[in-house]
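# Architecture at a glance
Each chain, letter by letter, is given below.
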Amino acid sequence: MKHFTSVHDLGKLDEALAEAFEIKQDRYRYAELGRNRTLLMVFFNSSLRTRLSTQKAALNLGMNVIVLDVNQGAWKLETERGVVMDGDKPEHLLEAIPVMGCYCDVIGVRAFARFENKEDDYSEKTINQFIRYSGRPVFSMEAATRHPLQSFADLITIEEYKERPNPKVVLTWAPHPNALPQAVPNSFAEWMNAMPGYDFVITHPQGYELDPAFTAGARIEYDQRKAFEGADFIYAKNWAAYTGNNYGRVLHRDRSWTVDTEKMSLTNNAFFMHCLPVRRNMIVTDDVIESPRSIVIPEAANREISAQVVLKRLLS
Ligand code: AN0
Ligand code: CP
């Protein structure tokens, strides 16, 4: 595997899952693989889980790790080619990226959608520049349109907890005060669609349709309560509008879409999932996230495993 930005880079999912469970049995088995190799993690946005779990995975493989928070202490970066750089940005990404490549063997990049220009976001301008100019294997730590390390951890978690071979998995939109990217739901849809046999349903209010390039094949249900019927997993997430002129906008914060105990009672005693960070009593009520069927912590724990499979493959 040369780079990792989506499910398509991983090949057969059953093999990737087998590798994940093997690593989970003994996460230090490949402790020599990363000896004298350096991971650079570049963050354009905040992170708790990705930052910690990816470092931990690299340490398990014996790698050295450097972290760069672009907005804290690095030079402000110009991203547009051809501009006269007489403003507040002292450095261009076109020098910064190859320089970063000089100091490491593998690069992880977190660069969210900026909601300034849909075309730039959906062409994955930033991470593709890293792929093009760093000279190193690059992996996504959440790019503009996908969060594949999260979706891989989500899949591992569902495989661990499912109580029947072909579970019903429901991705539900839920309210949030801010405009959040579509990366997590886009990516989750791709990974769920890639699992033969999963009954995958997406539910959201009118106006929150995702890009069909990611969701094609999934059932869309506008009635949240109907979608919840018989579900084995409820995966909650907020995202801003994608379609037309509403791109990047918050259309409403309707708390009737919050996941609560009464709605969970419509399901097949479903497990509750969320990638975190989560806004309590906006996305999900306290009692649901604290219930014995909430698996948000084991889900986060599996981020170490998904990252380790990806790093192992990039090193091999
Ligand atoms: C980010 C998002 O929605 O994409 C990161 C989630 C892993 N969430 C927030 O910015 C709150
Ligand atoms: N789920 C996730 O990626 O969390 P962070 O944004 O804290 O890394």
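Presented here is a report on the structure given in the accompanying data block. Since the structure is predicted, the reported quantities are computational estimates derived from the model, not experimental observations.

### Structural notes on the site of ligand 1
- Every residue lining ligand 1 is accounted for by Phe112, Glu142, His147, Leu180, Pro181, Lys237, Cys275, Leu276 and Pro277.
- Within the contact set of ligand 1, an oxygen atom lies 2.6 Å away from a side-chain nitrogen or oxygen of Glu142.
- Between ligand 1 and the protein, one listed contact pairs an oxygen atom with a side-chain N or O atom of Lys237 at 2.7 Å.
- Considered class by class, the residues forming the shell around ligand 1 number six nonpolar, one polar and two charged.

### Some points on the sheet that holds strand S2 (residues 64-69)
- Strand order in the open sheet made by the four strands is S2-S1-S5-S6, with parallel pairing throughout. Sheet topology places S2 and strand S6 (138-140) at the edges, where each strand pairs with a single neighbour. Across the sheet, the axes of successive neighbouring strands diverge by a mean angle of 20 degrees, strand direction being ignored.
- Pairing of strand S1 (residues 38-43) with S2, which is carried by six bridges, proceeds in the parallel orientation. What sits directly across from Val42, in S2, is Leu68.
- Most of the contacts of helix H5 (residues 125-133) go to S6, to which it runs at about 165 degrees, and overall it touches S1, strand S5 (106-110) and S6.

### Section: the pairing of strand S10 (residues 233-237)
- Of all five residues that make up S10, five are buried, and the element is covered over most of its length.
- Here S10 shows two buried faces, one formed by Phe233, Tyr235 and Lys237 and the other by Ile234 and Ala236.
- The pairing of strand S7 (residues 168-173) with S10 spans five bridges and is classified as parallel. Within S10, the residue paired with Leu171 across the bridge is Tyr235.
- Relative to strand S11 (residues 271-273), S10 runs parallel, the two being bridged by three bridges. Residue pairing for S11: Tyr235 is matched across the bridge by Met273.

So, how was this worked out
- The numbering scheme is per chain: residues are counted from 1 as the chain's sequence reads.
- As they are written, the chains are lettered A onward and the ligands numbered 1 onward, keeping that order.
- For this predicted model, a pLDDT threshold of at least 70 governs which residues receive local features, and a threshold of 80 or more governs which side-chain atom pairs are given and counted, while totals over whole chains, interfaces and linings are taken from all residues.
- For the side-chain quantities, the full set of heavy atoms in the structure was used; hydrogens and water were omitted.
- Any residue with a heavy atom positioned within 4 Å of a molecule or strand is treated as near that molecule or strand.
- Throughout this description, a polar contact denotes any pair of N or O atoms lying within 3.5 Å of each other; where both atoms belong to protein, one of them has to be capable of donating a hydrogen while the other can accept it, and for residues adjacent in sequence the pair is counted only when both atoms sit in side chains.
- Amino acid classes used here: Ala, Val, Leu, Ile, Met, Phe, Trp, Tyr, Cys and Pro are nonpolar; Asp, Glu, Lys and Arg are charged; the rest, including Gly, are polar.
- By definition, two strands form a pair when at least two bridges between them are found by DSSP.
- Here a strand is any run of E in DSSP of at least two residues, a helix any run of H or I of at least four, and the numbering for each starts at the N terminus.
- Axis lines are fitted to C-alpha atoms, over the contacting stretch for helices. Their N-to-C directions set the angle, which ranges from 0 to 180 degrees.
- The contact rule is simple, with two residues in contact once any of their heavy atoms fall within 4.5 Å.
- Accessibility here uses a 1.4 Å probe with only protein chains present; expressed as a share of the type maximum, an area under 20% marks a residue as buried, one over 50% as exposed, and anything in between as partly exposed.

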